[in-house]
Amino acid sequence: MIEIPESYSFARQAADMLSGRTVTDVFNATHPHKFAWYLGDPTDYRTRLAGKTIRAAEGYGAFIDLLLDDETHIALSDGVNLRYHAPGAEVPPKYQLLIAFDDDSFLVFTVAMYGGIIAFQKTFDNSYYLGALSKPSPLEDRFAEAYFGRLVADAKPNLSAKAFLATDQRIPGLGNGVLQDILFKSRIHPKRKLATMSDAELGRMYSSVKSTLREMTDRGGRDTEKDLLGRAGGYKTLLSKNTCSEPCPVCGGTFVKEAYSGGAVYYCPACQPLIK
């Protein structure tokens, strides 16, 4: 799933690989997906995109934004997988959108559980997209400790650490995936309530948000996700589906995986005690 490290690092990759390529054709879904979302009728995408050249790509929160001529955008939300195929490559049988370029290379868009492939001109009036554009990212200097403190002050004290960091778009693009390592490094249990945390613990959480997301991004995303060429990201996750059977690298104990607040959480009971 696209979260902050992937949106930024994959957008850099897309800018390097795709800038200057002109769209020659657009092919609609061979495998319609109930939770693949478009803006308007996707059969109109060819008219909107053909003949336009990709000029840049940018990442915001959980969005990758391809920028074309005439202020045309293709915004991809969390849940969309993007793969680049060189000229002559075999076209996969299933996809939710395919864009062909003037050198016979092509981009394939697929959706796993859900995701938006949004083609628009100038602006996209969507609260998630606009929030990702406008709110400070932990990768930016304006995401300062004072800003984080205001987020804490505005939150209900009985919110869990997971709910505070990864819900209500407080920090766009910080989701359940990156959350696990952030909390492990700050030694905070995902169910821990904000009201039980000291200023020092909140400071550790803030520092971990900044440093963990920066490291994930600088390494090209997490090893649980794949880039435009289908390669796993270079950041080795400490807590994920890839490592839940391994011993804790700090204490040697056993990780716990359980369902909580709409998704799985992973934690070390010894390193991240649940203080009530």
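In what follows, the structure referred to is the one given above.
Reading the values: the criteria
Residues numbered from 1 in each chain as written. Predicted model: local features only at pLDDT ≥ 70, side-chain atom pairs only at ≥ 80, totals over all residues. Heavy atoms only, no water. Pairing = 2+ DSSP bridges. Helix = DSSP H or I, 4+ residues; strand = E, 2+ residues; numbered from the N terminus. Contact = heavy atoms within 4.5 Å. Axes fitted to C-alpha atoms, helices over the stretch in contact; angles between N-to-C directions. Phe/Tyr/Trp six-rings, centres within 6.5 Å; stacked < 30°, edge-to-face > 60°. Buried < 20%, exposed > 50% of the residue type's maximum accessible area, 1.4 Å probe, protein only. Polar contact = N/O pair within 3.5 Å; in protein donor to acceptor, adjacent residues only side chain to side chain. Parallel < 35°, antiparallel > 145°, perpendicular 65-115°, else oblique. Left-handed = near helix turned anticlockwise from the far one by under 90°. Nonpolar A, V, L, I, M, F, W, Y, C, P; charged D, E, K, R; others polar. Salt bridge = Lys/Arg side-chain N within 4 Å of Asp/Glu carboxyl O.

Before going further, it helps to spend a moment on the sheet that holds strand E2 (residues 36-37). Strands sit in the order E2-E9-E5-E4-E3 across an open sheet of five strands; the sheet is mixed. Bordering the open sheet on either side are E2 and strand E3 (54-60), each of which pairs with just one other strand. Pairing of strand E5 (residues 72-76) with strand E9 (residues 115-121) involves five bridges; the strand directions are antiparallel. Within E9, the residue paired with Ala-75 across the bridge is Ile-118. Strands in contact with helix H1 (residues 4-18) are E3 and strand E4 (63-68); relative to E3, the strand with the most contacts, it is inclined by about 175°.

Our next topic: the packing of aromatic side chains. Tallying each qualifying case throughout the model produces 13 aromatic pairs. Relative to Tyr-129, the ring of Phe-124 lies with its centre 5.5 Å away and its plane at 55°, an arrangement referred to as tilted. Under the relative-accessibility criterion, Tyr-129 is labelled buried at 4%. Summarising the aromatic geometry, the rings of Phe-143 and Tyr-206 are spaced 6.2 Å apart at their centres and angled 5° between planes, so their arrangement reads as stacked. On the criterion of sequence distance, the pair formed by Phe-143 in the loop between helix H3 (127-134) and helix H4 (145-154) and Tyr-206 in helix H7 (residues 199-218) is long-range, its members being 63 residues apart. The same class applies to Phe-143 and to Tyr-206, which are both buried. By way of ring pairs, the aromatic residues Tyr-60, Phe-63, Phe-120, Phe-124 and Tyr-129 are connected into one cluster.

Here Thr-212 shows up in helix H7. Looking at Thr-212, its side chain comes within polar contact range of the main-chain oxygen of Ser-208, at 2.8 Å. Residues in contact with Thr-212, not counting those within four places in the same chain, are Asp-181, Ile-182, Lys-185 and Tyr-235.

A positive phi angle, close to 60°, is found at Asp-168, a residue other than glycine. Among the secondary structure elements, Asp-168 is positioned in the loop between helix H5 (161-166) and helix H6 (176-186). Judged by relative accessible area, Asp-168 falls into the exposed class, the value being 62%. Backbone geometry at Gln-169 places phi at a positive 55°, although glycine is not the residue there. Note on placement: Gln-169 falls in the loop between H5 and H6. Residue Gln-169 is classed as partly exposed on the basis of its relative accessible area of 31%.

This part takes up the sheet that holds strand E7 (residues 97-101). The four strands lie next to each other as E1-E7-E8-E6, forming an open sheet whose pairing is antiparallel. Two strands in the sheet have a free side with no partner beyond their single neighbour: strand E1 (23-28) and strand E6 (80-85). In this sheet, adjacent strand axes meet at a mean angle of 15° when their direction is disregarded. Here E6 runs beside strand E8 (residues 106-111); their pairing, made up of six bridges, is antiparallel. When the bridges of E8 are listed, Leu-82 appears paired with Phe-109.

Let us look at the packing of H4 against H7. Interaxial distance between H4 and H7 falls to 11 Å at its minimum, and their mutual angle equals 120°. Judged on the interaxial angle alone, H7 and H4 are oblique. For the element pair H4 and H7, the recorded crossing hand is right-handed. Counting all contacts with H4, which are made through Glu-145, Phe-148 and Val-152, the residues of H7 involved are Leu-202, Gly-203, Met-205 and Tyr-206. Of the residues in the contact of H4 with H7, the class split is five nonpolar, one polar and one charged.

With that settled, the discussion passes to the pattern of salt bridges. Enumeration over the complete set of coordinates arrives at twelve salt bridges. Across the salt bridge formed by Arg-222 and Glu-6, the nearest N and O atoms sit 2.7 Å from each other. Of the two residues, Arg-222 is situated in the loop between H7 and strand E10 (256-259) and Glu-6 in helix H1; the sequence distance between them amounts to 216 residues. Accessibility assignment for this pair places Arg-222 and Glu-6 in one class, buried. A salt bridge links Arg-55 to Asp-69; its shortest N-O distance comes to 2.6 Å. Of this pair, Arg-55 sits in strand E3 while Asp-69 sits in the loop between E4 and E5, and the two are 14 residues apart along the sequence. On the basis of relative accessible area, Asp-69 is assigned to the buried category, the value being 19%. Taken together, the shared-partner salt bridges connect Lys-185, Glu-215 and Arg-219 into one network.

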